[in-house]
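Summary of structural features
Listed below, chain by chain, are the residues.
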Amino acid sequence: SARCLPLLFSPVLRLLNTAAEIAAGLLYMASKVYDVTEFLDEHPGGSKIILKYAGRDATEAYEPIHPPDAITTNLPLHKHLGPIDVATVAKVVKEVTEEEKKIQLAVAARPPLENVLNLHEFEIIAKAVIPEKAWAYYSSASDDEITIRENRAAYQRVWFRPRILRDVTTVDWSTTILGQKSSLPVYISATALGKLGHPEGEITLTRAAAKNGVIQMIATLASCSFDDIINAQSNNQTFFVQLYVNRDRQITKKYVQHAEKRGVKGLFITVDAPQLGRREKDMRMKQVDDSAGAEVQKGQKVQKDQGVARAISSFIDPSLSWKDIPWFRSITKMPIILKGISTAEDAILAYEAGVQGIVLSNHGGRQLDTARSGIEILVEVTAALKARGYWPDPKFEIFVDGGVRRASDVLKALCLGAKAVGVGRAFLYSFCAYGEAGVERAIQIFRDEFEMNMRLLGARTVDDLVPEMVDASALNQHIVPVPTDHLFDQTYQPMQITKLKL
Ligand code: 173
């Protein structure tokens, strides 16, 4: 089993390093020693935490919050110093921090799960029970965070045109996504680093999804390893996988082919993140964490502006282009879906490239700020594809994500031509707040909302959801006043200005 330690006084290290280097940070993990001296300021979680464990066993602190391959992808091989006898390494005496005490109180103060009536509420509860750093990473969006707010506002510029007297005794919102059965026209979208917010991480999604016939998209940078998630499979549940394309295509090929071999039914290639957006809440948190500064780093030129996500994203290949699509087609038979399309022009190119679908998405507002919302893009995309005779085409599915908190949001997207909708943060917050049970509750809330809204809309099945059921004429007018979104406004955290040392 894994043991991980940053190292101060191990005999092995003393042979290999000067005292200064050792003080700077040698990590022991999985019974191995790593020299992380030069990595200190790149560390997404700040240097202080590494220095705290330097020279000691860091396994327990490290494992929950890092993707399984974080070390191998981020630390050059020559910094992997070798194996160590764990018995010779000092343990860190774990004291309960102020933050941990606060979290324990907040966990005890959570409302009973049945009191949670909507997906917004998971967010406010999650904020109270997860470390500040996790909240900063999950909740952050890029630049001025205009797009993340627009993702909510856009749904409010779409109004329903409900039909009546249609015998809605039974309504059925189940569907198929890429040919796979789904009990909801919603899939769990990829979000990274689930163990930052809950000790079990993304596997909570897996278990809840299995029990409820929901499809989970596994993130390349999930905290739980890909195989741990697949191994938890039950009820013959369906998985998709989200892919960040590595500069080293052999790594990507291996990952994709392994996913296919393990039965994954769709490859969602992220195409909107050649570089990660600036998420200042995430970056700010690291400033706070590093405010004491690492003595050994004084005077050194170091990159200080990396948040949690950016610091582990350097493997992502910014050279990815349309020319790569045939290669993906050649290495897998899984349906290929491009995740992060923002214009009709690119939707047409995607169709012509022969992929099986697209996700109209702005990456939860975390990439290009003031990029438009998926629901707005949907209208121009379906019109452009139709005009060329490309769509409707059962072999080309259009998905939307970003800002979805209600079944009514989903129904609007389906009316406008989406096959299904991705929900990322809302499910993430549901497991941060209550673990697996929270995810089940979130799914139950969706079911209740679908039942009511479909009855009121006069749609018995998803096939009844047509463009005539919505008025989307204001969707691309960005100055239309929208009704106050009270729940979102209460959960949304305004950004903060850096502190003056007065
Ligand atoms: O949005 C993200 O945070 C994200 O996609 C990501 C990318 C690289 C590393 C971690 C997360």
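It should be noted that the structure appears before, not after, this text.
These lines cover the structure that appears in this document, whether it is placed above or below. (Residues numbered from 1 in each chain as written. Predicted model: local features only at pLDDT ≥ 70, side-chain atom pairs only at ≥ 80, totals over all residues. Heavy atoms only, no water.)

Let's shift gears to the environment of Ile336. The topology assignment puts Ile336 in strand β11 (residues 336-341). Sequence separation between Ile336 and Leu40 is 296 residues, and the spatial gap between their C-alpha atoms is 38 Å. Beyond its immediate chain neighbours, meaning those up to four positions away, Ile336 contacts Leu267, Ile269, Phe328, Arg329, Val355, Gln356 and Gly357. (Helix = DSSP H or I, 4+ residues; strand = E, 2+ residues; numbered from the N terminus. Contact = heavy atoms within 4.5 Å.)

Moving on, we get to the pairing of strand β14 (residues 420-423). Burial along β14 is two-sided: the residues Ala420 and Gly422 and Val421 and Val423 are all buried. Alignment of strand β7 (residues 186-188) against β14, held across three bridges, turns out to be parallel. Note on β14: the bridge partner recorded for Val186 is Val421. Here strand β13 (residues 397-401) runs beside β14; their pairing, made up of three bridges, is parallel. In the strand pairing of β14, Phe399 is matched with Ala420. Remark: the β13/helix α18 (residues 407-415)/β14 crossover connection has right-handed handedness. (Buried < 20%, exposed > 50% of the residue type's maximum accessible area, 1.4 Å probe, protein only. Pairing = 2+ DSSP bridges. Right-handed = clockwise from strand over helix to strand, strands pointing away.)

Within the element layout of this structure, Glu202 appears in the loop between β7 and α10 (203-212). You can call Glu202 buried: its relative accessible area is 3%. For the pair Glu202 and Lys254, spaced 52 residues apart in sequence, the C-alpha to C-alpha distance is 22 Å. Ignoring any residue separated from it by four or fewer positions in sequence, one finds Glu202 in contact with Thr191, Ala192, Leu193, Gly194, Lys195, Gln216, Ala222, Ser223, Cys224, Ile229 and Phe431. There is a polar contact of 2.8 Å between the side chain of Glu202 and the backbone nitrogen of Ser223. (Polar contact = N/O pair within 3.5 Å; in protein donor to acceptor, adjacent residues only side chain to side chain.)

With the rule as written, the count across this model stands at 21 salt bridges. Linking Asp227 and Arg262 is a salt bridge whose minimum nitrogen-to-oxygen distance equals 2.8 Å. Linking Asp227 in helix α11 (residues 226-231) with Arg262 in the loop between α12 (249-261) and β10 (267-270), this pair joins segments that are 35 residues apart in sequence. The class for Asp227 is partly exposed, based on a relative accessible area of 27%. For Arg372, the salt bridge identified is with Glu376, shortest N-O distance 3.8 Å. Exposure remark for Arg372: the relative accessible area of 23% places this residue in the partly exposed category. It is possible to trace a salt-bridge network through shared partners that takes in Glu150, Arg157, Arg372, Glu376 and Glu380. (Salt bridge = Lys/Arg side-chain N within 4 Å of Asp/Glu carboxyl O.)

Now for the site of the ligand. As a structural note, the neighbourhood of the ligand is formed by Tyr137, Ala192, Leu221, Tyr244, Leu276, Arg279, Ala309, Ile312, Ser313, His363 and Arg366. At 2.8 Å from an oxygen atom of the ligand is found a side-chain nitrogen or oxygen belonging to Tyr137. Contact between the ligand and Tyr244: an oxygen atom at 2.4 Å from a side-chain N or O atom of the residue. Here the ligand, which alone exposes 290 Å², has 94% of that area covered by the protein. (Near = heavy atom within 4 Å. Areas by Shrake-Rupley, 256 points an atom, 1.4 Å probe, with all protein chains shown as cover.)

Turning our attention to empty space enclosed by the protein. Going through the model one piece at a time under the given rule, you end up with three cavities of 30 Å³ or more. Of the volumes computed, that of the largest cavity is approximately 620 Å³. At the level of secondary structure, the elements contributing two or more residues to the lining of the largest cavity comprise α8 (132-139), α9 (146-156), β14, α19 (425-457) and α20 (486-491). Roughly 40 Å³ of internal volume is contained in the second largest cavity. Lining of the second largest cavity is provided by Ser189, Ala190, Thr191, Glu202, Leu205, Gln216, Met217, Ile218, Ala219, Ala222 and Ile229. With three residues, the top contributor of residues to the lining of the second largest cavity is strand β8 (residues 216-218). Across the lining of the second largest cavity, the residue classes tally to seven nonpolar, three polar and one charged. (1 Å grid on protein atoms, 1.4 Å probe; cavity = no way out; pocket = protein on both sides within 12 Å on 5 of 7 lines; lining within 4 Å. Points joined across faces, edges and corners; volume = space filled by probe spheres on them. Nonpolar A, V, L, I, M, F, W, Y, C, P; charged D, E, K, R; others polar.)

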